[in-house]
Amino acid sequence: MLICNEHNYGEIFPPELDNIMGTVSIYWYFIYLLEIVDKLKSKKIAYLSDIDSYNTWIEFKLIDESVVISVGVGEKEDETGAIEYIEPSNFSYSRWMNQTVDYDCFKNIILEKATNYSEELRNLNPSKLTNTNLIKLENKIVYLIKQKLS
């Protein structure tokens, strides 16, 4: 669930619905959010597709040193990726808009939560230490932490 100021987006389903509801691994959301953290300084705007929705996007816009986050709807073309850096066709704001968060705070929270997630996966699955997805996640975290320190 994405929580921004007093607004939230997404649902957390109880375990008994895991096999019924179409859900996406939280892993992918961490990968995508880390990618947005990485690219937002240069691209200035990013749209994260809600994979479970046919038309929902979360907009991340960098203005000065703040990230302005909004939820909207727009078309998803066949070749649309999970993250887009141009506004989707027919995009309009829907649920909430213009929630401002300091960029460094945004980055630190994403890094902290992704690190906690990675550590929890390692604790729960000590025999899977060479899982390529986990390694990819951890490499992205390390890269962003090094970038933050330089």
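Here's a quick rundown of the structure.

### Observations regarding the packing of aromatic side chains
Applying the stated criterion across every chain yields a total of six aromatic pairs. Look at Tyr27 and Trp28: their rings are 4.9 Å apart centre to centre, the planes differ by 80°, and that puts the pair in the edge-to-face class. With a relative accessible area of 6%, Tyr27 lands in the buried category. Connected via pairs of aromatic rings, a cluster forms that spans Tyr27, Trp28 and Tyr32. Across the ring face of Tyr103, the terminal group of Lys41 is positioned such that the distance to the ring centre comes to 4.5 Å. Positioned over the ring face of Trp57 is Lys76, at 5.4 Å from the centre of the ring.

### Comments concerning the pairing of strand S3 (residues 45–49)
Buried residues dominate S3, accounting for five of its five residues. Taken together, the five bridges between S3 and strand S4 (residues 56–63) define a ladder with antiparallel strand orientation. Within S4, the position partnered with Ile45 by the bridge is Lys61. What sits between the antiparallel neighbours S3 and S4 is a turn of six residues. Bridge count between S3 and strand S6 (residues 83–84): two bridges; the pairing is antiparallel. Each residue of the ladder has a partner; that of Tyr47, found in S6, is Glu84.

Rules of the game
Residues numbered from 1 in each chain as written. Predicted model: local features only at pLDDT ≥ 70, side-chain atom pairs only at ≥ 80, totals over all residues. Heavy atoms only, no water. Phe/Tyr/Trp six-rings, centres within 6.5 Å; stacked < 30°, edge-to-face > 60°. Buried < 20%, exposed > 50% of the residue type's maximum accessible area, 1.4 Å probe, protein only. Lys NZ or Arg CZ within 6 Å of the ring centre and 35° of its normal. Helix = DSSP H or I, 4+ residues; strand = E, 2+ residues; numbered from the N terminus. Pairing = 2+ DSSP bridges.

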